[in-house]
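Spelled out, the chains give:
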Amino acid sequence: MQVFIGAAAERPLARRWLAATAGLALGLIGAFPAKAQDTIKIGILHSLSGTMAISETTLKDVMLMLIEQQNKKGGVLGKKLEAVVVDPASNWPLFAEKARELITKDKVAAVFGCWTSVSRKSVLPVFKELNNILFYPVQYEGEESERNVFYTGAAPNQQAIPAVDYLTSKDGGEAKRWVLAGTDYVYPRTTNKILEAYLKQNGVADPDIMINYTPFGHADWQTIVSDIKKFGSAGKKTAVVSTINGDANVPFYKELGNQGVRATDIPVVAFSVGEEELAGIDTKPLLGHLAAWNYFESIKTPINEQFIKDWHEFIKNPKRVTNDPMEAHFIGFAMWVKAVEKVGSTDPDKVIDALPGVQAPNLTGGTSTMLPNHHITKPVFIGEVRADGQFDVVWKTPGLVPGDAWSKYLPGSKDLIADWVTLKCGNYNTVTKKCGGAS
Amino acid sequence: MGAVRDRLTAIVAVLGLVAVLLTPARAEPYAQALLHFTADSFDETIAGTNGVATSGNPLAARVIAALQEGRLFFSAQEKTVFIREERDQLIDAATGQPATGPAPPDLAPVRLNNRLRRIVEAALGSLTLMAPDPAKRLEAAQAVFKSKDAAALPALDQAIAQETDARVKQALIEARAAVVLYLDNASDADKIDAIAVIRQRGDQDAVALLGGLPATASPAVAKAAADAIASIQNNLAIWTALQNTWYGLSLGSVLLLAAIGLAITFGVMGVINMAHGEMVMLGAYTTFVVQEIIRARNPALFDYSLAFAIPLAFMVAGLVGILVERGIIRFLYGRPLETLLATWGLSLILQQAVRTAFGPTNKDVGTPSWMSGSFDVGQMTITYNRLWIIVFTLLIFVGLLAILRFTRFGLEMRAVTQNRAMAASMGIKTSRIDALTFGLGSGIAGLAGVALSQIDNVSPNLGQGYIIDSFMVVVFGGVGNLWGTLVGAFTLGIANKFLEPYAGAVLGKIAILVLIILFIQKRPRGLFALRGRAVEA
């Protein structure tokens, strides 16, 4: 017993050590083909093992595909691109080590990577210290803008706020009561804080908001689903906004289906459930539940059909789906290539200055622009789950929505703006007219 | 402008069609209503649904049912609407006859959103109140209960007068009460009668209905509603406690399922097996592979897939267990720290091996129809999958007890664990028994995987989530005692579920851990401590 308890405490350490060895081995393999001087190296920093491999492996593959495509077109600045793949093994400190290795040893021109906010926060100091570029492709909680990071995923105002607007609208069911359910970590907590402030500004009373957090990988949803049912039977239309993370979603949706919570009674709109996640669930009982993203595989545009075709050919599996973060890498990579060609150099300082204003097509038929706050403009779509595990777009924003680095709805950040072009500041306070001291 | 012109041409076209086919005059609004479906806009579809529902056309119920099930198709170019029946046969919605000629090239399903689904449900409810199938009538009555559609009142009265099935009749009466309650011109006395009916129903939906009453209701009605809500909620509080107990039993059964294999390998043999969770995962992946084969070869057998998966999962996990024991663990007996590290490394290797073989994404393990859905006991919802898991767990537990008590293998196993030297001198091959015992524990973990695949993710990380909980249960229940594991699992499950509504899922889990630590301080050997010589051995 004593042995067991002591050992349990040591567990993460040993795992880290093992993972580090594995990662090192992979890193070495990745580093060896680096012989020729005339290539430009691109770092790919996505977990290929551990808990986050489920989501991040796909992003590594899509980057390899994009780089291969670019090389077929002749590379960049007359040089071939070369991918350097490392495996940070879902281990946050290892992300920083791997980022340092990519920049100092492999001398990469830019890095595409990270999924969780904690991994991004862990690599931030490395990118600042060594002055390199990170493209971050996942929707996140906002409240950040760094000179070295370009955020190609959605900020809260590009996903959460439009989703709530939709549910309040006539077509969305005119929801009056809200359940904000999330996994207990920084992204759901910040997003829910923003949503709560937003809902209250729109006249939703305190008793009509229920906030619920669950641990990572929560598997027993019986109590929470029946609480949601109970909360939803107060005579007002109720909607659930879910920031439940990855793995916990499957048992959550299974329980919803089994307890008979149907979308016509209580719709659930999710911010972390995409085509990949639905691949593991029987979606028939979930018909009509919603997801808010900037991209859906089912959107019919010529550029998206080409992307899906290329992806199936590259991955050699016609069943593999595409999703929103993949599109974010598609846009981010195209922007980086354009910026590099514009300044004729891969020098990070020049590229960072050139990126704001660069435009690249997104896969849904529009053109996204990199903004001075290092976020991009994106359309927002609301999709309904279909029986085949895809989404049917039922609503979209009329135009592209520019990403806000700092939320307008939080007291701490409503006066802040980020502008790396004229103000050269990530957190400029418009009231005190001072840069908050970042970087 | 374009839309208006299109609609005008469409109407002209329809008028022409009507003239040609000499369709009865009353089908005219029906045919016009159908045209709304070809506009591919949610607002138009709503207009179409309402138009079809009120047209009185005998095809109306069929069209709306098809719309609800996603079987209603339209061609925007040809302005035609079709119902897709079995075997992809297209029925012309305007005439009810099979479509002739090739299908239009731009055939697409009429799309729905949640607002539309509610309208469709309500419309279908009013239309099918007198359907021949009692299940359909019950569904219709429930739909009207939700929609509170005043237009359905005459149909309801007629249906109540005709209804012979007691359950459907009750549902119809409740639906009527719901309609009357929300009717603007009903008298207070009628409304108070309606409240009494709904009070009888006594569930969450009744509370929702009464709570949603508009503020314009007269004071007498409002008071009756408030009284009814209070009384229902009093009653529901008791059911909530029962429901929590049920959830606790269900969580306990999952804990027991995950821990029972460990109770053998760790509890009886004393091996700290960190790869236990991966045996569970192997069982879940076996289920996945079995289902894939059945889906490809013989989909009719799908409902029996778990029956095939159970013995296979036991064998796969059991064989891997025996290999692990022969290959690694037997060299490490008596060295707990080395065993811990070795099995831990093994768990990482197994995870990554599965990730390489099957990919990192979740696998879709289907639920057989007899395990889907739920039923109500009073005001309590019981889901079939949880119920079956409890039954399955108890069967495994009883089976395991029987093996230990009544078989030669069980006897030898007990002999070896109690006194190895003595057992060996009696002629028992102790090393063989060690391998088989470890195989048995692993095989049972594989069985757990079959059940857990029904409620959790099937991904390489599946086992990780259960390993800590499993050790917790075994240690809390008392190492080396199967009954202790049983009591421990259910105690933890129920305690957790009673804490969760007050403390939340995160704090609830922390509280349970703290309680266990305190408990272990008091009783280091768990709930049911082994006594006697075995303890010192």
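**A word on the overall build of chain B**
Argument step 1. A tally of regular secondary structure across chain B gives 21 helices and six strands.
Argument step 2. Against the compact-globule benchmark of 24 Å for 537 residues, chain B has a radius of gyration of 31 Å, which places it well outside the compact range.
Argument step 3. Along the first, second and third principal axes, the C-alpha atoms of chain B reach 100 × 65 × 45 Å.
Argument step 4. Looking at chain B alone, contacts between residues at least 24 apart form 68% of all its contacts between residues at least 6 apart.

**Observations regarding the overall build of chain A**
Argument step 1. Scanning chain A from terminus to terminus reveals 12 helices and 19 strands.
Argument step 2. A compact globule built from 439 residues should have a C-alpha radius of gyration of about 22 Å, and chain A, at 22 Å, falls within 12% of that.
Argument step 3. Across its three principal axes, chain A shows a C-alpha extent of roughly 70 × 60 × 45 Å.
Argument step 4. Looking at the 439 residues of chain A, the share that counts as buried comes to 57%.

**Here's the deal with the sheet that holds strand β2 (residues 80–86) of chain A**
All names here are of chain A.
Argument step 1. Across the sheet, five strands lie side by side as β2-β1-β3-β4-β5; this open sheet has parallel pairing. The sheet is open, and its two edges are formed by β2 and β5 (149–151), each paired on a single side. Averaged over all neighbouring strand pairs, the angle between strand axes comes to 25°, with direction disregarded.
Argument step 2. Taken strand by strand, helix α2 (residues 53–72) contacts β1 (39–45), β2 and β3 (110–113), and its axis lies near 165° from that of β2.

**Description of helix α19 (residues 464–477) of chain B**
Argument step 1. Over its 14 residues, α19(B) extends 21 Å from the first C-alpha to the last, a length consistent with the 20 Å expected when each residue adds 1.5 Å.
Argument step 2. Where α19(B) terminates, the next one or two residues include B:G478, which has phi positive at roughly 110°.

**Topic: the interface of chain A and chain B**
Argument step 1. Of the residues lining the interface, 51 residues belong to chain A; the matching set on chain B comes to 59 residues.
Argument step 2. Looking at the side of chain A that touches chain B, the elements with two or more residues in it are α1 (2–31), α2, β7 (209–214), α7 (222–231), α8 (249–258) and β15 (391–396) of chain A.
Argument step 3. For the side of chain A that touches chain B, the element with the highest residue contribution is α7(A), accounting for six residues.
Argument step 4. Residues that form the side of chain A that touches chain B fall into these classes: 20 nonpolar, 18 polar and 13 charged.

**Concerning the sheet that holds strand β2 (residues 80–84) of chain B**
All names here are of chain B.
Argument step 1. Read from one edge of the open sheet, four strands run β3-β2-β1-β4, paired in antiparallel fashion. Looking along the sheet, the strands with just one partner apiece sit at the ends: β3 (90–92) and β4 (108–109).
Argument step 2. Judged from the three bridges that link them, β2 and β3 form a sheet pairing that is antiparallel. Bridge pairing links F82 to D92 in β3.

**Some details on the packing of helix α12 (residues 276–297) of chain B against helix α14 (residues 336–358) of chain B**
All names here are of chain B.
Argument step 1. The geometry of α12 relative to α14 is characterised by a closest axis approach of 9 Å and an angle of 20° between their N-to-C directions. When the axis of α12 is compared with that of α14, the two are roughly parallel. As for how α12 packs across α14, the hand of that crossing is left-handed. Taken together, the residues of α14 that come into contact with α12 (itself represented by G277, E278, M281 and Y285) are S347, L350, Q351, V354 and F358.

**Comments concerning the domain arrangement of chain A**
Residue and element names in this part refer to chain A.
Argument step 1. According to the domain assignment, chain A contains domain 1 (2–156 + 312–377) and domain 2 (157–195 + 214–298 + 379–402).
Argument step 2. Here the C-alpha centroids of domain 1 and domain 2 sit 28 Å apart.
Argument step 3. Opposite the 23 residues of domain 1 that make contact, domain 2 presents 24 residues.
Argument step 4. Where the side of domain 1 that touches domain 2 is concerned, the elements lending two or more residues are α2, α4 (117–130) and α11 (324–343).
Argument step 5. Per element, the largest residue contribution to the side of domain 1 that touches domain 2 is three residues, and it comes from α2.

**Some thoughts on the pairing of β1(A)**
All names here are of chain A.
Argument step 1. With five of seven residues buried, β1 lies mostly within the body of the structure.
Argument step 2. Here seven bridges tie β1 to β2, and the two strands are oriented parallel to one another. If you follow K41 over to β2, its bridge partner there is E82.
Argument step 3. For the handedness criterion, the β-α-β arrangement of β1, α2 and β2 is classed as right-handed.

**Quick word on the packing of α19(B) against helix α20 (residues 482–522) of chain B**
Residue and element names in this part refer to chain B.
Argument step 1. In the contact formed by α19 and α20, the axes pass within 5 Å of each other and the chain directions differ by 125°. What the angle tells us is that α19 and α20 run oblique. Along this stretch, α19 crosses α20, giving a crossing that reads as right-handed. On α20, the residues that touch M472, V473, V474, V475, F476 and G477 of α19 are G484, T485, V487, G488, A489, L492, I516, F519 and I520.
Argument step 2. Residues that form the contact of α19 with α20 fall into these classes: 11 nonpolar, four polar and no charged.

**Side note on the nonpolar core**
All names here are of chain A.
Argument step 1. If you look at the biggest cluster of nonpolar residues, it comprises 131 residues, and the most contacted ones within it are I42 and V269.
Argument step 2. By residue number, the principal contributor to this core is α11, which donates nine residues.
Argument step 3. Residues lining this core come from more than one domain, with at least three contributed by each of domain 1 (2–156 + 312–377) and domain 2 (157–195 + 214–298 + 379–402).
Argument step 4. Discounting residues that sit within four places of it in the chain, I42 has contacts with I67, L81, A83, V84, V108, A109, A110 and F112.

**Side note on the confidence of the model for chain B**
Residues and elements named next belong to chain B.
Argument step 1. Summarising the model, chain B shows a mean pLDDT of 86, and 93% of its residues fall at 70 or more.
Argument step 2. Across chain B, element-level confidence peaks in helix α13 (residues 305–327) with a mean pLDDT of 95 and bottoms out in helix α21 (residues 533–536) with 48.
Argument step 3. Within the model, pLDDT remains below 50 along residues 15–27, and this stretch shows five contacts once partners closer than five positions in the same chain are excluded.
Argument step 4. Reported confidences for the modelled complex are a pTM of 0.82 and an ipTM of 0.79.

Rules behind the numbers
- Sequence positions are assigned chain by chain, starting from 1 and proceeding in written order.
- By the order in which they are written, chains take letters starting at A while ligands take numbers starting at 1.
- In keeping with the predicted nature of the model, local features appear solely for residues at pLDDT of at least 70, side-chain atom pairs appear and are counted solely at 80 or more, and the whole-chain, interface and lining totals rest on all residues.
- Secondary structure elements follow DSSP: runs of H or I of four or more residues count as helices, runs of E of two or more count as strands, with numbering from the N terminus.
- Computation of the radius of gyration draws on C-alpha atoms alone. For the globule rule, the value is 2.2 Å times the number of residues to the power 0.38.
- C-beta atoms are first placed from the backbone for all residues, and any pair lying within 7 Å is then listed as a contact.
- Burial in this document is a count-based property: other C-beta atoms within 10 Å of a residue's C-beta are tallied, and the residue is buried at 20 or more, exposed at 12 or fewer, or partly exposed in between, with C-beta positions derived from the backbone.
- Note: two strands are recorded as paired if DSSP finds a minimum of 2 bridges between them.
- In this analysis, axes come from line fits to C-alpha atoms, helices being fitted only over the stretch in contact, and the angle between any two N-to-C directions falls in the range 0 to 180 degrees.
- The span expected for a helix works out to 1.5 Å for each residue beyond the first.
- In the scheme used here, Gly and all other residues not listed as nonpolar or charged are polar, with Ala, Val, Leu, Ile, Met, Phe, Trp, Tyr, Cys and Pro taken as nonpolar and Asp, Glu, Lys and Arg as charged.
- Working rule for angles: under 35 degrees goes down as roughly parallel, over 145 as roughly antiparallel, 65 to 115 as roughly perpendicular, anything else as oblique.
- Helix crossings fall into two classes, left-handed where the near helix is turned counterclockwise from the far one by less than a right angle and right-handed where it is turned clockwise.
- Residue ranges for the domains originate in an automatic or database domain assignment.
- A crossover counts as right-handed when, viewed with the strands pointing away from the observer, the path leading from the first strand over the helix to the second turns clockwise.
- The term nonpolar core means buried Ala, Val, Leu, Ile, Met, Phe, Trp, Tyr and Cys residues held together as one set by C-beta atoms within 7 Å.
- Values of pLDDT, ranging from 0 to 100, describe the predictor's confidence in every residue of the model.

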